[in-house]
Amino acid sequence: MRRAGWRYIGPGIVVAATGVGAGDLVATLVAGGKYGYTLLWAAVLGCLIKISLAEAAGRWHLATGRTLLDGWRSLGAWTTVYFAGYVGVWGFVYGAAAMSSTALPLAALFPGVMGLKWWAVLCGVGGLLFVWFNRYAVFEKVMTALVGVMFLVTVYLAVRVGPRLGDLAAGLVPALPDGSLLYTLGLVGGVGGTITLAAYGYWVNAKGWRDTGWMRVMRFDNRVAYLTTGVFVVSMLVVGAELLHSSGIAVAKGDRGLIDLGGVLAERYGTVTAKLFLVGFFAASVTSLIGVWQGVSLLFADFVARVRGREGASAAPEAAQAPGGPAGAGAPVPAPAPAPAGEGAGAAGAAGADAVPVERSVPFRAYLLWLTFPPMSLLFLDRPFALVVVYGVIGAFFMPFLALTLLWLLNSSRTPRAWRNGWLANTMLGAAGVLFLVLCVEQVRDLPW
């Protein structure tokens, strides 16, 4: 088994950055503004749960040589029906939300240049072109650079507002202020929790990690990434506690809350700090956009291959990151057989020596188009009532679906005995499943029926 090292870090950064969008940062900011440091422990617990979920998805891919879609199909046809409905409706609505979120900081940074909706269209088309013409290696490098921007900006803001270290430490002790139970559960479940957690195993394979020899590297990569996420979360909670809670200032929920924060920062610390924050806001939003454009398109391409009855695969990987360096990146091999370290491995959703890389396949690019152009209609129209309800119901069930199916797969004979869940993994996945079921019920109940 290979030694873990910093040079291998990549897929975890991608999945963590994709999962933590502007909405997550606002949720943490509002938590700090409303309760101070009291719910810090909930945000940290949320990061630990996401570490467990991503580790489970990566372990399935490496231990079995099969994709997560393949695992789901082995549980019954109901998983295919659910995923088909989810990926269609969710992608349509999320595409509009992601484009709007990414457009907000650009509109604030360049006022008067164009309207918000046209900024959103530009962001969607830009994300499409970036993912369409680039392979995983470039995608990972860009995501890592954007994470660096997010990290520096959020840490700078936390230091700028001056955290009280004693209160920060006290916030690690679990406590529930009056009326905060459901809010706390949402904070635990919401930070970095999206369908892209399911894409982690695909990005692991795209990196060239395709057998259990990479298990230690995958786990190190995953932990480093979500520890970085933890820094984002703690930093935003510090900003909320010090800047909002202590002053009694409220910001809007949703992405616009970050625009409100930009105004507060400009008033307190000057225009430069406010604009720097907007750059960080853009980095958080655009990583979620291009991460979903790339990762969920991989899932969809594999889904189509499974439905067609062909051997699917996770991605067209770059060369496995062995000490000897890359060799033959992007050369397709039949799935699910793992590629030897140091050799390129690829997949296109179909076995065979002439298979095209999955990023060049018709299903991958078709889903990219689906994420980009149909959702633009929602930018100019109010969301239809029925679509809001269907989206809410299907979306609410995904995280419990992911946690509980991983629990099922990794405790069954589908997984080699040596790589099945231990007590800790079962505890974390079980807790995640219960948590997300509670949140699912609440989310469905709160829909505008």
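Basis of the calculations
Residue indices begin from 1 for each chain and proceed along its sequence in written order. Note on the predicted model: pLDDT of at least 70 is required for a residue's local features to be given, and 80 or more for side-chain atom pairs to be given and counted; whole-chain, interface and lining totals, by contrast, use all residues. Excluded from the side-chain calculations are hydrogens and water; all other atoms, namely the structure's heavy atoms, are used. What counts as a helix is a DSSP run of H or I of at least four residues, what counts as a strand is a run of E of at least two, and both are numbered from the N terminus. Exposure is judged per residue with a 1.4 Å probe applied to protein chains only, and the accessible area is read against the type maximum: over 50% gives exposed, under 20% gives buried, and values in between give partly exposed. Throughout, a contact is declared for two residues whenever any of their heavy atoms are within 4.5 Å. The protein chains shown are the only cover counted for residues, whose accessible areas, like all others here, come from Shrake-Rupley with a 1.4 Å probe. By salt bridge we mean one thing: a side-chain nitrogen of Lys or Arg within 4 Å of a carboxyl oxygen of Asp or Glu. To estimate how far a helix should reach, multiply one less than its number of residues by 1.5 Å. Only residues whose relative accessible area exceeds 30% and that form no salt bridge enter a patch; like-charged residues are grouped when within 9 Å of one another, and nonpolar side chains (Val, Leu, Ile, Met, Phe, Trp, Tyr) when within 5 Å. Centres within 6.5 Å are what make two rings of Phe, Tyr or Trp a pair, Trp counting through its six-membered ring; a difference in plane orientation under 30 degrees is then read as stacked, over 60 as edge-to-face, and the rest as tilted. pLDDT is a residue-level measure of predictor confidence that goes from 0 to 100. As used in this structure description, the phrase polar contact means that two N or O atoms lie within 3.5 Å; if the pair is within protein, one of them must be able to donate a hydrogen and the other to accept it, and residues adjacent in sequence are counted only when both atoms belong to side chains. Helix axes are fitted only over the stretch in contact, all axes being lines through C-alpha atoms; the angle between N-to-C directions runs from 0 to 180 degrees. Oblique is the label for every angle not falling under 35 degrees (roughly parallel), over 145 degrees (roughly antiparallel), or within 65 to 115 degrees (roughly perpendicular). By the definition used in this description, the sense in which the near helix is turned from the far one sets the handedness, with an anticlockwise turn below a right angle giving left-handed and a clockwise turn giving right-handed. Following the grouping adopted for this structure description, the nonpolar residues are Ala, Val, Leu, Ile, Met, Phe, Trp, Tyr, Cys and Pro, the charged ones are Asp, Glu, Lys and Arg, and the polar ones are all others, Gly among them.

Focus: the overall build of the protein
When helices and strands are tallied, the protein shows 17 helices and zero strands. Out of the 449 residues belonging to the protein, those deemed buried represent 58%. In the protein, once contacts between residues fewer than 6 apart in sequence are set aside, the share between residues at least 24 apart is 83%. As displayed, the protein offers around 17000 Å² of accessible surface, 67% of which is attributable to carbon and sulfur atoms.

A word on the side chain of Glu55
Structurally, the position occupied by Glu55 is in helix H3 (residues 40-64). What makes Glu55 buried here is its relative accessible area of 12%.

Considerations on the pattern of salt bridges
All told, the structure shown has 10 salt bridges when counted by the stated rule. A salt bridge links Arg59 to Glu55; its shortest N-O distance comes to 2.9 Å. Of this pair, Arg59 and Glu55 both sit in helix H3, separated by four residues, roughly a single helical turn. Here Arg59 matches Glu55 in class, with each residue buried. Residue Asp302 is joined to Arg306 by a salt bridge in which the shortest nitrogen-to-oxygen separation is 3.4 Å. Pair noted here: Asp302 and Arg306 are both in helix H13 (residues 271-307), with a separation of four residues, about one helical turn. Assessed through its relative accessible area of 7%, Arg306 is described here as buried. Beyond isolated ion pairs, a larger network of salt bridges with shared partners links Arg66, Asp70, Asp302 and Arg306.

Quick look at helix H6 (residues 116-133)
Between the first and last C-alpha of H6 there are 26 Å, a value that for 18 residues agrees with the 26 Å anticipated at 1.5 Å per step. Of all the positions in H6, only Trp119, Ala120, Val121, Cys123, Gly124, Gly127, Leu128, Phe130 and Val131 are classed as buried. Where H6 is buried, its residues contact helix H5 (77-109), helix H7 (136-161), H13, helix H14 (362-372) and helix H15 (376-380).

Some words on a nonpolar patch on the surface
Judged by side-chain polarity, Phe110, Val113, Met114, Trp118, Leu122, Phe380 and Leu381 come together as a nonpolar surface patch covering roughly 710 Å² of accessible area. Examined against the element boundaries, Met114 turns out to sit in the loop between H5 and H6.

As for helix H1 (residues 11-19)
For H1, the tally of buried residues reaches nine of nine residues, placing the bulk of the element in the interior. What H1 keeps buried is the set Pro11, Gly12, Ile13, Val14, Val15, Ala16, Ala17, Thr18 and Gly19. The secondary structure elements touched by the buried residues of H1 are helix H2 (22-35), H7, helix H10 (200-206), helix H11 (215-245) and H13.

Here's the deal with the packing of aromatic side chains
Going through the model one piece at a time under the given rule, you end up with 22 aromatic pairs. Between Trp209 and Trp214 the ring centres are 5.9 Å apart and the planes differ by 15°, which places this aromatic pair in the stacked class. Assigned by exposure class, Trp209 and Trp214 land together as buried. Members of the aromatic cluster, joined through ring pairs, are Trp72, Trp78, Tyr82, Phe83, Tyr86, Trp90, Tyr94, Phe300, Phe303, Tyr367, Phe398 and Phe401.

Concerning the confidence of the model for the protein
Scored by pLDDT, the protein has a mean of 83; 84% of the residues are at 70 or more. Under a pLDDT of 50 for its full length, residues 316-354 has, in the predicted model, 106 contacts with residues more than four places off or in other chains.

Remarks on the side chain of Asn421
Tracing the backbone through its elements, the reader meets Asn421 in the loop between helix H16 (385-409) and helix H17 (423-445). Given the relative accessible area of 10%, Asn421 is considered buried. One polar contact links Asn421 to Asn426, side chain to side chain, over a distance of 3.0 Å. In this structure Asn421 touches Arg59, Leu407, Leu410, Asn411, Asn426 and Leu429, once residues within four positions along its chain are discounted.

Here we look at the packing of H6 against H13
Where H6 meets H13, the closest approach of the two axes is 9 Å, and the angle between their N-to-C directions is 50°. Between H6 and H13, the interaxial angle falls into the category oblique. Handedness of the crossing formed by H6 with H13: right-handed. Mapping the contact onto sequence places Cys123, Gly124, Gly127, Leu128, Phe130 and Val131 in H6 and Leu289, Ile290, Trp293 and Gln294 in H13. By residue class, the composition of the contact of H6 with H13 is seven nonpolar, three polar and no charged.

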